[in-house]
Amino acid sequence: DQITAMSNTMGIAATDIAEATYQAISAGQDTSNAVAFAGQAAKLATAGFTSTTSAVDILTTALNAYGLSADQATHVSDVLLTTQNLGKTSVDELSSSMGKVIPLAAAYNVSVENLSSGLAVMTANGIATAEATTYTKSMLNELGDTGSTVGKILQAETGQSFAQLSADGKSLGDVLQILYDSVGGDSTAFAGLWSSVEAGTGALSLASGGADKFNGVLAQMVDSAGATETAYETMTDTFQHSMDSLQTTAENLSISLFDAMEPGLKEAADWGNDCLNALTD
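Residues numbered from 1 in each chain as written. Predicted model: local features only at pLDDT ≥ 70, side-chain atom pairs only at ≥ 80, totals over all residues. Heavy atoms only, no water.

Enquirer: I tried to follow the layout of surface pockets on my own but got confused; where do I start?
Expert: A probe matching the size of a water molecule, rolled over the atoms, marks out where space remains unfilled. As a volume, the largest pocket reaches approximately 180 Å³. The wall of the largest pocket is formed by Met 10, Gly 11, Ile 12, Thr 46, Tyr 232, Met 235, Thr 236, Thr 238, Gln 240, His 241, Asp 244 and Thr 248. Elements that contribute at least two residues to the lining of the largest pocket include exactly helix H16 (227-236) and helix H17 (239-280). Considering each element in turn, the lining of the largest pocket owes the most residues, four residues, to H17. (1 Å grid on protein atoms, 1.4 Å probe; cavity = no way out; pocket = protein on both sides within 12 Å on 5 of 7 lines; lining within 4 Å. Points joined across faces, edges and corners; volume = space filled by probe spheres on them. Helix = DSSP H or I, 4+ residues; strand = E, 2+ residues; numbered from the N terminus.)

If you want it as structure tokens, here you go:
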């Protein structure tokens, strides 16, 4: 009943809502809230140019990795939409690659807002989403390694590890600024601090704009409430969506009619089977 009601309200096929609900439950969401969660994912999918199942996947990955409750799904959705708005990417692209770095970011206390800010800045600077994710993963690996060059510099400059700095509220931009200042703002020397080209390229892309620019993007991520709802309303305020909703409602009516007639149809089918079996004998 909840799935049908959600389908009628959003104009999305009941089968799609059911599949998203099952996926959400399989990913650990509470059964009683699974349909509402699928509805939120469906809004993100519409606003982010992706499928509902992909939206469920990225939302559940983020919630599980960061230990967030289901009521935080709307905020995570808003952060992803803001990443799409501020960067040169889409939620569809993020859903196919961001999940690879989320568990690592969570392990080093890098919030989803912080991580998304980095991806927004990188993609806005012309780095493709998949590459930005790879660069970020390499960069976080080196920052989190206390034996790496950058890890040792952070320890020498602040007396703390990267994970500790993140836990204390330092943004990724703040941490990179510390490293950038340690080499006197020399971009060549800064790039040389990293053992991998991927990590160095990603870090330089973020550090070149300074911590203030990064933190400005981060502030918009934190204050992103309503981004999904606004985008969803814009995307569904079309004649095409109205026609799709009409078709979906008609399909749901046929499902309800069949449900009402099913007992009688079953009796008729059983009677027919008995007759055929008798004739066969």
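Enquirer: In this structure, what is going on with H16? I would like to understand it.
Expert: The α-helix advances 3.6 residues per turn, and as a result positions three or four apart in sequence lie on the same side. Those residues of H16 that sit buried are Ala 227, Thr 228, Ala 231, Tyr 232 and Thr 236. Taken end-on, H16 shows its buried residues confined to a sector of 140 degrees, consistent with a single buried face. (Buried < 20%, exposed > 50% of the residue type's maximum accessible area, 1.4 Å probe, protein only. Arc of directions from axis to C-beta.)

Enquirer: Got a minute to help me understand empty space enclosed by the protein in this structure?
Expert: Scanning the model with the defined rule gives one cavity of 30 Å³ or more in all. Put simply, the largest cavity is a space of about 40 Å³. Considering the residues around the largest cavity, the lining is formed by Gly 173, Leu 176, Gln 177, Tyr 180, Leu 206, Ala 207, Gly 210 and Ala 211. Residue assignment for the lining of the largest cavity shows that the elements contributing at least two residues are helix H12 (172-182), helix H14 (197-207) and helix H15 (210-222). Of the residues forming the lining of the largest cavity, the biggest block, four residues, is contributed by H12. Residue composition of the lining of the largest cavity, grouped by class: five nonpolar, three polar and no charged. (Nonpolar A, V, L, I, M, F, W, Y, C, P; charged D, E, K, R; others polar.)

Enquirer: Explain the packing of helix H9 (residues 129-144) against H12 to me, please; I cannot follow it from the model alone.
Expert: Remark: H9 packs on H12, axes separated minimally by 13 Å, with the N-to-C direction vectors making an angle of 65 degrees. Here H9 runs over H12; the crossing is left-handed. Across the interface between the two elements, Met 139, Leu 140 and Leu 143 from H9 touch Leu 172, Val 175, Leu 176 and Leu 179 from H12. Looking at the contact of H9 with H12, its residues break down into seven nonpolar, no polar and no charged. (Axes fitted to C-alpha atoms, helices over the stretch in contact; angles between N-to-C directions. Left-handed = near helix turned anticlockwise from the far one by under 90°. Contact = heavy atoms within 4.5 Å.)

Enquirer: I would appreciate a short explanation of the packing of aromatic side chains in the present structure.
Expert: We describe a pair of aromatic rings using the distance from one ring centre to the other and the angle between the two ring planes. One pass over the structure, following the stated rule, counts three aromatic pairs. With centroids separated by 6.0 Å and ring planes inclined at 70 degrees, the aromatic side chains of Phe 190 and Trp 194 adopt a geometry described as edge-to-face. Each member of the pair, Phe 190 as well as Trp 194, carries the same accessibility label: buried. The structure contains a cluster of three or more aromatic residues connected by ring pairs, namely Tyr 180, Phe 190 and Trp 194. (Phe/Tyr/Trp six-rings, centres within 6.5 Å; stacked < 30°, edge-to-face > 60°.)

Enquirer: How do you make sense of the pattern of salt bridges when you look at a structure like this?
Expert: Pairing between side chains of opposite charge can happen when the charged atoms of each approach one another. Considering all chains together, one arrives at two salt bridges under this definition. The shortest N-O distance in the salt bridge between Glu 229 and Lys 43 comes to 2.8 Å. Pair noted here: Glu 229 is in helix H16 and Lys 43 is in helix H3 (residues 34-47), with a separation of 186 residues, a long-range link. For Lys 266, the salt bridge identified is with Asp 270, shortest N-O distance 3.1 Å. With Lys 266 and Asp 270 both in helix H17 and four residues apart, this pair spans about one turn of that helix. Here Lys 266 falls in the exposed class, since its relative accessible area comes to 53%. Residue class for Asp 270 comes out partly exposed when judged on its relative accessible area of 33%. (Salt bridge = Lys/Arg side-chain N within 4 Å of Asp/Glu carboxyl O.)

Enquirer: Explain unusual backbone geometry to me, please; I cannot follow it from the model alone.
Expert: Backbone geometry follows two general trends: most residues other than glycine have a negative phi, and most peptide bonds adopt the trans configuration. The backbone phi angle of Phe 49 is positive, close to 60 degrees, even though this residue is not glycine. Along the chain, Phe 49 falls in the loop between H3 and helix H4 (52-66). Despite not being glycine, Asn 109 shows a phi value in the positive range, around 65 degrees. Following the sequence through the fold, Asn 109 ends up in the loop between helix H7 (102-107) and helix H8 (112-124).

Enquirer: Would you mind going over the side chain of Thr 123 with me for this structure?
Expert: Mapped onto the fold, Thr 123 is located in helix H8. A polar atom in the side chain of Thr 123 sits 3.2 Å from the backbone nitrogen of Lys 88. (Polar contact = N/O pair within 3.5 Å; in protein donor to acceptor, adjacent residues only side chain to side chain.)

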